[in-house]
Amino acid sequence: MTGERSEHARRRVVFAGLGRMGVHLARHVAGAAPDGVAVLAYDTAASARERAAAAGANVIAELPAGLGAGDVVCLSVPDGAAVRALLAALVPRQPRPGLLLLDFSSVAPRDARAIAAELATDQIRYVDAPVTGGVLGAEQGTLTTIVGAEAADLAPVRWIPESFSSRVVHAGATGAGALLKTLNNMIFNVASIAAMEGMIVARLAGIADDVLLDVLNHGTAATYFSQVRYPKYVATRTFDAGMRLGLVDKDLQIALDAAGELDCELQLCTTGRGMWARALAELGPDADTTRMMDVVARSSTGSGILELFDTVPR
């Protein structure tokens, strides 16, 4: 154990939010915890707690009382509303000097700033630390964590995001992490539509997947969709990347709101959000985002993606 970890050892790390991302983050944190630090995993859903327990996490059915100096609360939930709901249960309002909150959720930049200000009145420090890299990155421990916080707040707990990240980037003050995560999601989701449309044209032209992906992924059109999402979840017909359509709609609205606060109009994001909204209306908020390719295929050709798979040579 390094001297830094020993000097800044924490008594308890409570990891709340054990979804498809969070369960892996909690596992990595537990594996990297310094001596004397207990990592406790919690979720409001019994099914999530059961999955985490099966994965070896130290799961608790009820939140611990008396969180305070030396403790860390980690959150991995969908949005700012979910963060506030968990905080109301985890840390009911009262001064808690020395308690630190690491928020790995995807929240709006203004939510991150507001939550930090609210917690500061109770002497709780907030670290805005969203992650990017998808479920696969969470499983493999290769995420990028984007931190908006004072450097002094990040330093003693940096080992936590380092346990599941290949990069921990200090972006600036609170809200900067949330903003960069928002822009990352916006670019990915809009670029994915362009990749889908190009792939559909290639399929109609009879170009084989291995040839198409060899060109795209070794050229200037390479995207995370072409490198990971399409070959792993679409071409295999599993459509189970682990990201829900409702979250894409939320992320794109956050991007539009953040840009609006800076008097910036995002024309392509607006158009892209409209296309994702069509998929949301057709498939519902819990559908996997890879099913967007079926919506794009039907819009472009009149045929679904599985029909194209079956009728056009691969």
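In the block above lies the structure referred to throughout.
This section reports on the structure supplied with the text. (Residues numbered from 1 in each chain as written. Predicted model: local features only at pLDDT ≥ 70, side-chain atom pairs only at ≥ 80, totals over all residues. Heavy atoms only, no water.)

The secondary structure content of the chain amounts to 15 helices and eight strands. For 314 residues, the compact-globule estimate of 2.2 N^0.38 gives 20 Å, and the C-alpha radius of gyration of the chain, at 21 Å, lies within 12% of that figure. A buried classification covers 50% of the 314 residues belonging to the chain. Put simply, 71% of the contacts in the chain that link residues at least 6 apart link residues at least 24 apart. Total accessible area on the chain stands at roughly 13,700 Å², and carbon and sulfur atoms take up 54% of it. (Helix = DSSP H or I, 4+ residues; strand = E, 2+ residues; numbered from the N terminus. Rg over C-alpha atoms; globule rule 2.2 N^0.38 Å. Buried < 20%, exposed > 50% of the residue type's maximum accessible area, 1.4 Å probe, protein only. Contact = heavy atoms within 4.5 Å. Areas by Shrake-Rupley, 256 points an atom, 1.4 Å probe, with all protein chains shown as cover.)

Of all the positions in helix α14 (residues 292–301), only M292, M293, V295, V296 and A297 are classed as buried. Looking at the packing, one finds that the buried side of α14 touches α9 (176–204), α11 (224–234), α13 (267–283) and α15 (305–311).

With that settled, the discussion passes to the environment of A89. One can find A89 in helix α4 (residues 80–90). The exposure class assigned to A89 is partly exposed, which follows from its relative accessible area of 44%. On a C-alpha basis, the gap between A89 and P64 in space is 10 Å, while along the polypeptide they are 25 residues apart.

Looking along a regular strand, one sees the side chains alternate between the two faces of the sheet. Where strand β4 (residues 100–103) meets strand β5 (residues 125–128), four bridges bridge the pair, whose relative direction is parallel. If you follow D103 over to β5, its bridge partner there is D128. In the classification by handedness, the crossover that spans β4, the intervening helix α5 (residues 109–120) and the parallel β5 is right-handed. (Pairing = 2+ DSSP bridges. Right-handed = clockwise from strand over helix to strand, strands pointing away.)

For the rest of this paragraph, the subject is the packing of α9 against helix α12 (residues 245–261). Between α9 and α12, the least distance of the axes is 9 Å, while the angle of their chain directions is 120 degrees. What the angle tells us is that α9 and α12 run oblique. Note on packing geometry: the crossing formed by α9 with α12 is left-handed. On α12, the residues that touch L179, T182, N185, M186 and N189 of α9 are V248, D251, L252, I254, A255 and A258. Each residue belonging to the contact of α9 with α12 can be placed in one class, and the counts come to seven nonpolar, three polar and one charged. (Axes fitted to C-alpha atoms, helices over the stretch in contact; angles between N-to-C directions. Parallel < 35°, antiparallel > 145°, perpendicular 65-115°, else oblique. Left-handed = near helix turned anticlockwise from the far one by under 90°. Nonpolar A, V, L, I, M, F, W, Y, C, P; charged D, E, K, R; others polar.)

Applying the stated criterion across every chain, the model contains 16 salt bridges. Notably, a salt bridge pairs R84 with D111, separated by 3.7 Å at the nearest N-O pair. Of this pair, R84 sits in helix α4 while D111 sits in helix α5, and the two are 27 residues apart along the sequence. Since its relative accessible area comes to 29%, R84 is described here as partly exposed. (Salt bridge = Lys/Arg side-chain N within 4 Å of Asp/Glu carboxyl O.)

A few words now on the nonpolar core. One finds M199, F225, Y230, W276, M292 and M293 to be the most contacted residues of the largest nonpolar core, which totals 34 residues. Secondary structure elements with two or more residues in this core: α9, α10 (209–216), α11, α12, α13, α14 and α15. Looking at this core element by element, the count peaks at seven residues for α9. In this structure, M293 is in contact with M196, M199, I200, F225, Y230, V234 and I305, ignoring residues within four places of it in sequence. Membership of the second largest hydrophobic core comes to 31 residues, among which are V23, A41, L100 and A129. (Core = buried A, V, L, I, M, F, W, Y, C linked by side-chain atoms within 4.5 Å.)

Side chains of strand β3 (residues 72–75) alternate between two faces, with V72 and C74 and V73 and L75 buried alike. In this sheet, β3 lies alongside strand β1 (residues 12–16) in parallel orientation, the contact comprising four bridges. The residue of β3 that forms the bridge with V14 is V73.

In contact at an axis separation of 10 Å, α9 and α14 are set at 60 degrees when each is read in the N-to-C sense. Overall, the two elements α9 and α14 adopt an arrangement that is oblique. As α9 runs across α14, the sense of the crossing is right-handed. Contacts between α9 and α14 involve I193, M196, E197, M199, I200 and L204 from the first element and M292, M293, V296, A297 and T301 from the second. Its residues assigned to classes, the contact of α9 with α14 shows nine nonpolar, one polar and one charged.

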